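Observations on the model geometry
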Amino acid sequence: DAGVIQSPRHEVTEMGQEVTLRCKPISGHNSLFWYRQTMMRGLELLIYFNNNVPIDDSGMPEDRFSAKMPNASFSTLKIQPSEPRDSAVYFCASSFLDRAYEQYFGPGTRLTVT
Amino acid sequence: GNSVTQMEGPVTLSEEAFLTINCTYTATGYPSLFWYVQYPGEGLQLLLKATKADDKGSNKGFEATYRKETTSFHLEKGSVQVSDSAVYFCALSDGARYNKLIFGAGTRLAVHP
């Protein structure tokens, strides 16, 4: 089985541009998580979904960030407009709802905003 | 609130040395505890877990025992290999927010031949 798929793997963009990160969770998993990892702040949970419904978005840094999960096999994280401080590695992870401690992480998207 | 504290890295060891990475936690109730590992250029993956006091989680030669009296879950390995070089994250799940893991800051391990 394929693992969690994220695209793109690398994204370089200029400040002010819109950025969309994509995630395909493992088939059958019904929880999905978006994380951000930086040297300064470590690993931060941004938002998570259960059965495609956002449960907790308290980690989303500000209104420039938004996430959607239109169906069980696809989610997006959008940053508009992007800023240099958004530069980080963004991870998507998925799990079964009743085994949410066992999260399967994707390879991440390395975002650089210049 | 719930939190996890790990020893700061990097931890640098020679191959076949004994490894300990300290982890302590603060939580209400009875959390489950986990170690995740992140190899270079990859996402995190679950290494081992313990769901109640005195449980010992183990995998790939790594072990950690859930100590409620000291609120600790230290990671150990008797003989590390170069391939163990990675960042190790301690985490807890408190059950109340049942599908939210709280991660520590991570500890980088570098093993030299």
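Figured I'd write up the structure that's included with this text. (Residues numbered from 1 in each chain as written. Chains lettered and ligands numbered in written order. Predicted model: local features only at pLDDT ≥ 70, side-chain atom pairs only at ≥ 80, totals over all residues. Heavy atoms only, no water.)

**What about the state of the cysteines?**
All names here are of chain A. Considering all chains together, one arrives at 2 disulfides over all chains under this definition. The partner cysteine of Cys-23 in its disulfide is Cys-92, sulfur to sulfur 1.9 Å. Handedness here is read from the sign of the S-S torsion; for Cys-23 and Cys-92, about -65 degrees, the answer is left-handed. Within this pair, whereas Cys-23 is found in strand S3 (residues 19-24), its partner Cys-92 is found in strand S9 (residues 88-95), the two being separated by 69 residues in sequence. A relative accessible area of 0% means that Cys-92 is categorised as buried. (Disulfide = S-S within 2.5 Å. Helix = DSSP H or I, 4+ residues; strand = E, 2+ residues; numbered from the N terminus. Buried < 20%, exposed > 50% of the residue type's maximum accessible area, 1.4 Å probe, protein only.)

**A look at the nonpolar core**
One finds B:Leu19, B:Trp35, B:Leu47, B:Leu48, B:Phe73, B:Leu75 and B:Tyr88 to be the most contacted residues of the largest nonpolar core, which totals 26 residues. Contributions of two or more residues to this core are made by strand S2 (11-14), strand S3 (19-21), strand S4 (23-26), strand S5 (32-38), strand S6 (44-50), strand S8 (62-65), strand S10 (86-93) and strand S12 (107-112) of chain B. Ranked by residues supplied to this core, first place goes to S10(B) with 4 residues. Excluding anything up to four places from it in sequence, B:Leu75 contacts B:Leu19, B:Thr20, B:Ile21, B:Trp35, B:Leu47, B:Leu48, B:Phe62, B:Glu63, B:Ala64 and B:Tyr88. Among the nonpolar cores identified, the runner-up in size contains 21 residues, and A:Phe49, A:Ala67, A:Leu77 and A:Cys92 belong to it. (Core = buried A, V, L, I, M, F, W, Y, C linked by side-chain atoms within 4.5 Å. Contact = heavy atoms within 4.5 Å.)

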